[in-house]
Amino acid sequence: MNSRFFDMLRRALPVVPLALCMSGQAKAAPSPSLCAPDEQVAFSCPIARSHKIVSLCLAPGKTTPPAARYVFGTPSHPELIYPAEGRARANFRTSILGYAGGTGGNAYSFIKDGTQYILFHISGTGLENAGVIVKPVNQIDASVELDCRPSTAFHALDDDLLDITNSWGIDPELDGKPLPVTKN
């Protein structure tokens with residue numbers, strides 16, 4: 001390799017940590033969430049054209065396995081809380097989504113009663129999309145996709161959260177792939 005390459009690399013390296021820090025600090029405070037006051041908000045957003053909110057909440061402390069819960073609905077009427085009782089690890093999975101052109105994202109998923117629920121956050125140049133997808137297990141297409149209101153998704157990217165969610169294991173159906181789409 002030539003010295004010009006190393007000069008370019010040396011100039012770019014100080015920018016990389018700054019960009020990573022800025023991306024994790026894009027939103028100072030979480031959007032409205034359905035998490036309890038003593039829980040950490042891992043992901044939350046109000047659903048577009050709705051009064052509903054979707055949240056992924058982490059229990060305080062360093063429990064093994066880490067306790068988490070999914071909550072969907074309104075503050076006065078949660079429609080789905082998973083797991084239903086207490087705080088447990090359940091079967092949450094995490095994935096890195098793969099797209100072309102410098103676009104990528106993260107997803108958290110779980111299966112309940114033969115249905116897979118996928119919380120997602122995708123970003124790239126001029127693109128940001130987040131929401132929840134619901135699909136029957138063993139089917140390719142999603143039955144429902146609910147997008148977050150534009151620019152309202154909160155997706156925590158701090159080291160503690162990443163340590164917790166990485167301990168969940170990957171979802172082989174999602175990791176490194178694009179999300180399932182709804183059939184039109």
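Scroll up to find the structure this text is about.
Residues numbered from 1 in each chain as written. Predicted model: local features only at pLDDT ≥ 70, side-chain atom pairs only at ≥ 80, totals over all residues. Heavy atoms only, no water.

*Asks:* Could you clarify how one ought to interpret the pattern of salt bridges in this entry?
*Replies:* As a working rule, side chains carrying opposite charge can pair if their charged atoms are close by. Scanning the entire structure with this criterion turns up four salt bridges. The salt bridge partner of lysine 52 is glutamate 79, with a shortest N-O separation of 2.8 Å. With lysine 52 in the loop between strand S1 (40–46) and strand S2 (53–58) and glutamate 79 in strand S4 (residues 77–82), the pair connects residues that are 27 residues apart, well separated along the chain. Across the pair glutamate 173 and lysine 135 runs a salt bridge, and its minimum N-O distance is 3.7 Å. Of the two residues, glutamate 173 is situated in the segment after helix H3 (159–166) and lysine 135 in strand S8 (residues 127–136); the sequence distance between them amounts to 38 residues. Of the residues examined, glutamate 173 reaches a relative accessible area of 44% and is grouped as partly exposed. For lysine 135, a relative accessible area of 2% puts it in the buried group. (Salt bridge = Lys/Arg side-chain N within 4 Å of Asp/Glu carboxyl O. Helix = DSSP H or I, 4+ residues; strand = E, 2+ residues; numbered from the N terminus. Buried < 20%, exposed > 50% of the residue type's maximum accessible area, 1.4 Å probe, protein only.)

*Asks:* Is there a simple way to think about the sheet that holds strand S10 (residues 154–155) in this case?
*Replies:* Judged by pairing direction, the sheet is antiparallel, and its five strands sit side by side in the order S4-S3-S2-S1-S10 without closing on themselves. Two strands in the sheet have a free side with no partner beyond their single neighbour: S4 and S10. Two elements, S2 and strand S3 (residues 68–74), share six bridges in a ladder whose sense is antiparallel. What sits directly across from isoleucine 53, in S3, is glycine 73. (Pairing = 2+ DSSP bridges.)

*Asks:* Before we go on, may I ask you to explain the state of the cysteines in this structure?
*Replies:* One covalent bond between the sulfur atoms of two cysteine residues makes up a disulfide. This model, assessed by the stated rule, comprises two disulfides. Between the sulfur atoms of cysteine 35 and its disulfide mate cysteine 57 the distance is 2.1 Å. Between cysteine 35 and cysteine 57, the S-S torsion sits near -90°, and that sign places the bridge as left-handed. Of the two residues, cysteine 35 is situated in the loop between helix H2 (15–24) and S1 and cysteine 57 in strand S2; the sequence distance between them amounts to 22 residues. Between the sulfur of cysteine 45 and that of cysteine 148 lies a disulfide, 1.9 Å long from S to S. Its S-S torsion of about -65° marks the bond between cysteine 45 and cysteine 148 as left-handed, since a negative value means left-handed. Of this pair, cysteine 45 sits in strand S1 while cysteine 148 sits in the loop between strand S9 (144–147) and S10, and the two are 103 residues apart along the sequence. With respect to class, cysteine 45 is no different from cysteine 148; both count as buried. With its disulfide-bonded cysteines labelled consecutively along the sequence, the chain is connected as 1-3, 2-4. (Disulfide = S-S within 2.5 Å.)

*Asks:* Quick question: what am I supposed to make of the packing of aromatic side chains here?
*Replies:* Think of a pair of aromatic rings as described by two things: how far the centres are apart, and how the planes are tilted against each other in angle. Under the defined criterion, the tally for this structure stands at eight aromatic pairs. Measuring from ring centre to ring centre gives 4.9 Å for phenylalanine 110 and tyrosine 117, while their planes differ by 10°; the resulting arrangement is stacked. For the pair formed by phenylalanine 110 and tyrosine 117, the shared burial category is buried. Each member of the aromatic cluster is reached from another via a ring pair, and the members are Tyr70, Tyr82, Phe92, Tyr108, Phe110, Tyr117 and Trp168. (Phe/Tyr/Trp six-rings, centres within 6.5 Å; stacked < 30°, edge-to-face > 60°.)

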